[in-house]
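Chain by chain, the residues run as shown.
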Amino acid sequence: MSDAGDRFQALRERFLDRSAGDLDTLRHERDPAALRLVVHRLAGAAGTFGYPDISRDAGEVDDALVEGKDPPEDVLARLISGLEALIDLRGG
Amino acid sequence: MSEPLKVLYVDDEPDIREVAVMSLELDGALEVRSAGSGREGLALLDQFTPDAIMLDVMMPGMDGPATLEEIRKRPEHADTPVVFITARAQAHEQARFLSFGAVGVITKPFDPMTLAVELRAILSKARA
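Residues numbered from 1 in each chain as written. Chains lettered and ligands numbered in written order. Predicted model: local features only at pLDDT ≥ 70, side-chain atom pairs only at ≥ 80, totals over all residues.

### Focus: the overall build of chain A
The criterion, for reference: Only DSSP runs of H or I with at least four residues qualify as helices, and only runs of E with at least two residues qualify as strands; both kinds are numbered from the N terminus onward. Throughout, the radius of gyration refers to the C-alpha atoms, and the reference size of a globule is 2.2 Å times the residue count to the power 0.38. Comment: burial labels come from other C-beta atoms within 10 Å of the residue's own C-beta, placed from the backbone, where a count of 20 or more is buried, 12 or fewer is exposed, and between is partly exposed.
Each helix and strand counted, chain A has 4 helices and 0 strands in total. Listing each helix as α and each strand as β along chain A from the N terminus yields α-α-α-α. For 92 residues, the compact-globule formula gives about 12 Å, and the C-alpha radius of gyration of chain A, at 13 Å, lands near that figure. In terms of principal-axis extent, the alpha carbons of chain A reach across some 45 × 25 × 20 Å. Evaluated residue by residue, chain A yields a buried proportion of 35% over its 92 residues.

### Some points on the overall build of chain B
As a reminder, the rule being used: For every residue pair, C-beta atoms are placed from the backbone, and the pair is scored as a contact if these atoms sit within 7 Å.
Tallying secondary structure elements over chain B gives 5 helices and 5 strands in all. Along chain B, helices and strands appear, N-terminal first, in the series β-α-β-α-β-α-β-α-β-α. Whereas a compact globule of 128 residues would reach a radius of gyration of roughly 14 Å, chain B reaches 13 Å, a difference of no more than 12%. Its C-alpha atoms put chain B at 40 × 35 × 30 Å along the principal axes. Within chain B, the proportion of its 128 residues that are buried is 37%. Relative to all contacts within chain B whose residues are 6 or more apart in sequence, the contacts with residues 24 or more apart total 57%.

### Remarks on unusual backbone geometry
Of note, the amide linkage connecting K108 of chain B to P109 of chain B takes the cis form, showing an omega dihedral of 0°. Here P109 of chain B lies in the loop between strand 5 (104-107) and helix 5 (115-127).

### Concerning the sheet that holds strand 1 (residues 5-10) of chain B
Residues and elements named next belong to chain B. Heads up, the condition is: At least two bridges found by DSSP between two strands is the condition for calling them paired. In this analysis an axis means a line fitted to C-alpha atoms, helices contributing only their contacting stretch, and an angle means the value between N-to-C directions, from 0 to 180 degrees.
Pairing within the open sheet is parallel, and its 5 strands lie in the order 2-1-3-4-5. The sheet terminates laterally at strand 2 (30-35) and strand 5, the two strands that pair on one side only. Each adjacent strand pair in this sheet contributes to an overall mean axis angle of 20°, direction not counted. Inspection of the sheet shows strand 3 (residues 52-56) paired to strand 4 (residues 82-86) by 4 bridges, in the parallel sense. Of the residues in strand 4, the one forming a bridge with I53 is V82.

### Considering the pairing of strand 5 of chain B
Regular strands have side chains that alternate between both faces of the sheet. All names here are of chain B. Just so we agree on the cut-off: Seen with its strands pointing away from the viewer, a crossover is right-handed if its path from the first strand over the helix to the second goes clockwise.
Of the pairings in the sheet, the one linking strand 4 to strand 5 comprises 4 bridges and is parallel in character. Across the sheet, I85 pairs through a bridge with I106, a residue of strand 5. Crossover connection from strand 4 via helix 4 (residues 91-99) to parallel strand 5: handedness right-handed.

### Some thoughts on the packing of helix 2 (residues 32-45) of chain A against helix 3 (residues 52-66) of chain A
All names here are of chain A. In plain terms, the rule: With the far helix as reference, a near helix turned anticlockwise by less than a right angle produces a left-handed crossing, and one turned clockwise produces a right-handed crossing. Nonpolar residues are Ala, Val, Leu, Ile, Met, Phe, Trp, Tyr, Cys and Pro. Charged residues are Asp, Glu, Lys and Arg, and all others, Gly as well, are polar.
In the contact formed by helix 2 and helix 3, the axes pass within 8 Å of each other and the chain directions differ by 145°. Handedness of the helix 2/helix 3 crossing: left-handed. On helix 3, the residues touching P32, L35, R36, V39, H40, L42 and A43 of helix 2 are I54, S55, A58, G59, V61, D62 and L65. Split by residue class, the contact of helix 2 with helix 3 holds 9 nonpolar, 3 polar and 2 charged.

### With respect to the environment of M62 of chain B
All names here are of chain B. Residue position: M62 is located in the loop between strand 3 and helix 3 (64-72). It is 5.5 Å that separates the C-alpha atoms of M62 and G38, two residues lying 24 residues apart in sequence. Excluding anything up to four places from it in sequence, M62 contacts S37, G38, R39 and T67.

### A word on the packing of helix 3 of chain A against helix 4 (residues 73-89) of chain A
Residues and elements named next belong to chain A. For clarity, the cut-off: Roughly parallel here means an angle under 35 degrees, roughly antiparallel means over 145, roughly perpendicular means 65 to 115, and every remaining angle is called oblique.
One way to put it is that helix 3 packs onto helix 4 with a least axis distance of 9 Å and a crossing angle of 150°. What the angle tells us is that helix 3 and helix 4 run roughly antiparallel. In this structure, helix 3 crosses over helix 4, and the sense of that crossing is left-handed. Listed contacts from helix 4 to D53, I54, D57, A58, E60 and V61 of helix 3 are V75, L76, R78, L79, G82 and L83.

### Looking at helix 3 of chain A
Residues and elements named next belong to chain A. Definition in use: To estimate how far a helix should reach, multiply one less than its number of residues by 1.5 Å.
The end-to-end C-alpha separation of helix 3 is 21 Å, in line with the 21 Å expected for 15 residues at 1.5 Å each. Here helix 3 has its buried residues at I54, S55, D57, A58, G59, V61 and D62. Against the buried residues of helix 3 lie helix 2 and helix 4. Downstream of helix 3 by one or two residues, G68 has phi in the positive range, about 80°.

Everything listed here is a matter of geometry and, on its own, says nothing about what the molecule does.
Structural data, given as structure tokens:
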């Protein structure tokens, strides 16, 4: 792999490490501001690391929170299961 | 050989900041410095004079628009083109960000292979 490819892979691993740490927040946090910090980060970053579905779902939850609505439960559930699958896939 | 285009990239999210710097450097003719907050970015402007500034919109403390306001108070950076980076993709929000005086908006998630191309396209359009 090229040097840039190695660096990108290392950054992707770090992103997944941080996302694993965010799962608890996604599962249990109901304070909109705290939840928004996590989904906004995922919305902005996941697609760059090759996970556009995670970005899309996180963006939908982010949009709802910005509008003062409850996060859509089905989308939030899909976001959590999608992240869990990614983390399981790499054996984390 | 022409001078490299100097870019300051400001984003509180370390993973994205690093991948953005790496992506911009793939261009080969960009000199990139980065900062993890609006305040850090402003401090960097004392020692680095960029040709363009990329600012994340949503940052804790001083956000992107507030950072732009501070940048514009400095006469030497009154006309430096600023591009906002945001995960908020809705058109009315992008129009609002432009109304703060940015020359363009790049939506996150960005494609790391084309970030420099996107930046150059926005800067060319702004100069036209």
